[in-house]
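# Overview (structure and organization)
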Amino acid sequence: MARITVSIGSNIERERHVRACLDALAADFRGLVVSRVFESEPVGFEDGRNFYNLVAAFDSEASVGALQAWCKRLEFANGRRADSPKFSPRTLDVDLLTVGELTGEHDGVMLPRDEITRHAFVLQPLAELLPTARHPESGETYAELWRAFDAGEQRLWPVAFTWAGREISHPD
């Protein structure tokens, strides 16, 4: 059994698609925990719609390929199109960040995902959710990585968000 982390993002009907993703994760995997939901300004996008971003962790025995396929099926079920340009608005983006302690390429997926150390909208929620967990390559905790991170112009802030009848996120 491996601990899996995924980043979740949406900038089209954000609340609906984030809730749909969390519902699917809760239905299909055990031990689901989630970070607060953060609103962030788009990085590299021409369209100025802000994103909702969060990180989820859960347990699974599935292979990397099976997990990646699950993420893509969920994105497509929520209206994401395979032919959409890279930096275009999206209903749902679900990316594998880590699969246990795996590093390198597995089933065509590079682990850990490099966005962990490049984007505040991934690292801050990950550090908040799993502060003492260690990055599989560097060995540093996510809290240590976040403290050393230079967010520069990557602005994000926590927002109020309810899911499954409970508040999972609130502003500072």
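Overview of the structure. (Residues numbered from 1 in each chain as written. Predicted model: local features only at pLDDT ≥ 70, side-chain atom pairs only at ≥ 80, totals over all residues. Heavy atoms only, no water.)

The helix and strand inventory of the chain stands at five helices and ten strands. Radius of gyration (C-alpha) of the chain: 15 Å, near the 16 Å computed for a compact globule of 172 residues. Taken along the three principal axes of its C-alpha coordinates, the chain extends 35 × 35 × 35 Å. In the chain, which comprises 172 residues, the share counted as buried stands at 48%. If you take every contact in the chain between residues at least 6 apart in sequence, the share linking residues at least 24 apart comes to 65%. Here the chain contributes 19 positive and 27 negative side-chain charges, whose respective centroids are spaced 3 Å apart. (Helix = DSSP H or I, 4+ residues; strand = E, 2+ residues; numbered from the N terminus. Rg over C-alpha atoms; globule rule 2.2 N^0.38 Å. Buried < 20%, exposed > 50% of the residue type's maximum accessible area, 1.4 Å probe, protein only. Contact = heavy atoms within 4.5 Å. Lys, Arg positive; Asp, Glu negative; His and termini not counted. Charge placed at Lys NZ, Arg CZ, Asp CG, Glu CD.)

Before going further, it helps to examine the packing of aromatic side chains. Considering all chains together, one arrives at four aromatic pairs under this definition. Between Phe29 and Trp70, the aromatic rings sit 5.0 Å apart at their centres with planes inclined by 75°, giving edge-to-face as the arrangement. Here Phe29, found in the loop between helix H1 (14–28) and strand E2 (30–34), pairs with Trp70, found in helix H2 (residues 64–77); they are 41 residues apart in sequence, far enough to count as distant. Taken individually, Phe29 and Trp70 each receive the classification buried, so the pair is uniform in this respect. Feature note: the residues Phe29, Phe58 and Trp70 constitute an aromatic cluster, connected by ring pairs. The side chain of Arg19 reaches across the aromatic face of Phe161, ending 4.6 Å from its centre. (Phe/Tyr/Trp six-rings, centres within 6.5 Å; stacked < 30°, edge-to-face > 60°. Lys NZ or Arg CZ within 6 Å of the ring centre and 35° of its normal.)

Within the fold, Asn53 resides in strand E4 (residues 51–60). A relative accessible area of 6% means that Asn53 is categorised as buried. Polar contacts involving the side chain of Asn53 include one to the side chain of Ser40, which spans 2.6 Å. Not counting residues within four places of it along the chain, the set of residues in contact with Asn53 comprises Ile8, Gly9, Arg36, Val37, Phe38, Ser40 and Phe121. (Polar contact = N/O pair within 3.5 Å; in protein donor to acceptor, adjacent residues only side chain to side chain.)

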